[in-house]
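Spelled out from the first residue to the last, the chains are:
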Amino acid sequence: MMEWQALALSLKLAGWTVALLLPAALAIARMLAWKRFAGRRLVEAALAMPLVLPPTVLGYYLLSAFGANSALGRAFIAVVGHPLAFSFAGLLTASLIFNLPFAIQPMQRAFESIPADVRPAAACCGMSPWRIFAEIELPLAWPGVLSAMVLTFAHTLGEFGVVLMVGGNIPGETRTIAIAIYDRVQAFDTRSAGLMAAVLLALSLAAIAVAYSTSRRTEPAGGG
Amino acid sequence: MAAEGRLFIQLAQRAPIPLAATFDCAPGEVLALTGPSGSGKSTILRCIAGLDRPRDGRIECAGEVWLDTQARIGVSPQRRSVGLVFQQYALFPHMSALGNVVAALGHRPRSERGPRARALLASVHLAGLEHRRPAELSGGQQQRVAMARALARDPKVLLLDEPFAAVDRVTRHKLYRELAELRRQLAMPIVLVTHDLDEAAMLADRMCILHRGRTLQIGAPHEIRTRPADALVARLVDLRNVFEGVVRAQDAPAGRTLVEWQGIVLEAAHAAPFAVGTRVAWTIPVGGVVLHRRDRPSRGEHENPIAGTVVECLALGDDTTVGLAADGPAGAQITLRVPTHVARRNGLAVGVRAGASLLADAIHLMPWRDTGRDAQA
């Protein structure tokens, strides 16, 4: 049995994560690529933490931070009326934090690979900072930006540990497709689990294929 | 002073790169900023473009103040109207040659941009290559695109940062000729950064010698090479014959200053600023040292005659460079250059005795002062 609701929730979570993370990651990646400031290495290390931290550990800390005993949790309840934990908003917040390195690192590498004098050259051509970003930086960093978006999207679809810790398993609210697969396996419904796993696999493959083919096409023509 | 279109620069800072530079450049003039690597040449160029900001300074171009740290004026690069050709050209790799030039035409009406960009590319001999990307162009063609892009802005000053360093020799000489041709049509000041003295001498009207960010001397290339301001400049412009001596007599009526050097008294062109007894540095261009030819003795040989032993004899093409260790306690080495066939006919070889004359009018006296050491202190 395919759980369309769980799939839709996963896609919604992944879509929102990409949409909200994109502008923030662009700004942070640009800053890390070009600005030299004290503590830059520290910031980079902190942003890379989700790569090495076990998802359950991260999930545990996020759950504590979101709970009614924390300042953040209380503030959220005061404003929205329900706790951040075990809600879609809580899931999205966790997803944003968890995906920071997947979104930032490819973009940062892409911005770093832009030759040093190209941006000053654009300024000397009279281009405004906004035009330099839109017409020079973004097109040149595009493969990195795209692969960051695809990685984030695919990674969110498949995330399990953090989601389970922070969101639980509430249908329509926090029951993502990865949770549903686990749930079906626990209930010995391997047919449903297999079907949903295959859908997830296909989605991930498609995403990676899009990322690879686009980045190949945007490489400089003439092989030089 | 007529400020019409003129560029005035005055920069000063201690860190990160020390600067103490003052110069100007007239419309249509090519001024070469020359000095060893790390002397601040590129930094000065970036300050003019507005990409770097010095601690203290004032930059004025065509009557506009672009920088005045005292008045807290610092115009952004976008509003400075400079054309800058970067060392590695810094073309936009994802745009065609035409796109690169159009990108700098934002100040013109949209309908004019295409035709104007094509005309600029044609003026640098790139007609037909408009749609190639930088990676599909040779180094020389990339440099021309960079030049067209710099000119596209209708700049009030053209800045060239080592524009010939990244191409091969044949292409470089072709580009020299093109720049010489192009500059006749250009009415703005042109500042050329180069570490190559021959390039500077060939292309520039005036040279500005830089050392550790400090302007040491500004003048016509020939003047700097024959009359360097001090021993440091002489060393920086790679003069071979730089020695020290003591002024022994001043003979203004005869137009002569007598300098003692290694126990010999040399006659030099009159140099009024140096009192008798002053320690001086002196230099003579390689061309001012005349070999005493065994095959053809001349009457000029009594002019500052030097005798010595050949310690170096290096044939480089048509010319042979000869190092002559002068007789005397210190055995200073004087370098002269003779046509290779003359060297052969006179039997010049290492270990052979030879004589030469130092032409008095070619001897140039300088203060005995190492500006480099001053700057370090």
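Nothing here was measured: the structure is a model prediction, and the numbers come from that model. (Residues numbered from 1 in each chain as written. Chains lettered and ligands numbered in written order. Predicted model: local features only at pLDDT ≥ 70, side-chain atom pairs only at ≥ 80, totals over all residues.)

Colleague: An account of the sheet that holds strand 18 (residues 319–326) of chain B is needed here, citing residue identities and associated values.
Modeller: Remark on secondary structure: sheet strands pair via backbone hydrogen bonds, oriented parallel or antiparallel. All names here are of chain B. Spatial ordering of the open sheet is given by 16-20-17-18-19, a layout of five strands whose pairing is antiparallel. Sheet topology places strand 16 (289–291) and strand 19 (333–339) at the edges, where each strand pairs with a single neighbour. For this sheet, the mean inter-axis angle between neighbouring strands, taken without regard to orientation, is 45 degrees. Bridge count between strand 17 (residues 305–316) and strand 18: eight bridges; the pairing is antiparallel. Following the sheet pairing, Gly308 is matched in strand 18 by Ala326. (Pairing = 2+ DSSP bridges. Helix = DSSP H or I, 4+ residues; strand = E, 2+ residues; numbered from the N terminus. Axes fitted to C-alpha atoms, helices over the stretch in contact; angles between N-to-C directions.)

Colleague: Any details on the interface of chain B and chain A? Residues and values, ideally.
Modeller: In many reports, interface size means the accessible area that the parts give up when they come together. Opposite the 21 residues of chain B that make contact, chain A presents 18 residues. Class assignment of the residues belonging to the side of chain B that touches chain A gives a composition of twelve nonpolar, five polar and four charged. (Contact = placed C-beta atoms within 7 Å. Nonpolar A, V, L, I, M, F, W, Y, C, P; charged D, E, K, R; others polar.)

Colleague: I'd like a description of the nonpolar core, backed by residues and values.
Modeller: Judged by nonpolar contacts, the single largest core of 158 residues is most densely connected at Met107(A), Ala32(B), Ile48(B), Val101(B), Ala148(B), Leu159(B) and Val191(B). Examining the composition of this core, we find that twelve residues originate from one element, helix 8 (residues 129–158) of chain A, more than from any other. Setting aside anything within four residues of it in sequence, one finds Ala32(B) in contact with Leu192(B), Thr194(B), Ala200(B), Leu203(B), Ala204(B), Met207(B) and Cys208(B). (Core = buried A, V, L, I, M, F, W, Y, C linked by C-beta atoms within 7 Å. Buried ≥ 20, exposed ≤ 12 C-beta atoms within 10 Å, placed from the backbone.)

Colleague: Lay out the confidence of the model for chain B in plain terms, naming residues and giving numbers.
Modeller: For chain B, per-residue confidence averages 90 on the pLDDT scale, and 96% of positions sit at 70 or higher. Long-range and interchain partners of residues 371–377 of chain B, a stretch whose pLDDT sits below 50, account for nine contacts in this model, where long-range means more than four residues apart. (pLDDT = per-residue confidence, 0-100.)

Colleague: Kindly report on the pairing of strand 2 (residues 19–25) of chain B, identifying the contributing residues and their values.
Modeller: Residue and element names in this part refer to chain B. Where strand 1 (residues 7–13) meets strand 2, seven bridges bridge the pair, whose relative direction is antiparallel. From the neighbouring strand, Leu7 faces strand 2, where its bridge partner is Cys25. Linking strand 1 to strand 2, which pair antiparallel, is a turn of five residues.

Colleague: Describe in detail the sheet that holds strand 15 (residues 279–283) of chain B, supporting the description with residues and values.
Modeller: Residues and elements named next belong to chain B. Sheet architecture is open: five strands sit in the order 14-13-12-15-21, paired in antiparallel fashion. Here the strands that pair on one side only, and so sit at the sheet edges, are strand 14 (264–269) and strand 21 (364–367). Averaged over all pairs of adjacent strands, the angle between their axes in this sheet comes to 45 degrees, without regard to strand direction. Where strand 15 and strand 21 come together, four bridges link them in antiparallel fashion. Paired with Ala281 across the strands is Met366, a residue of strand 21.

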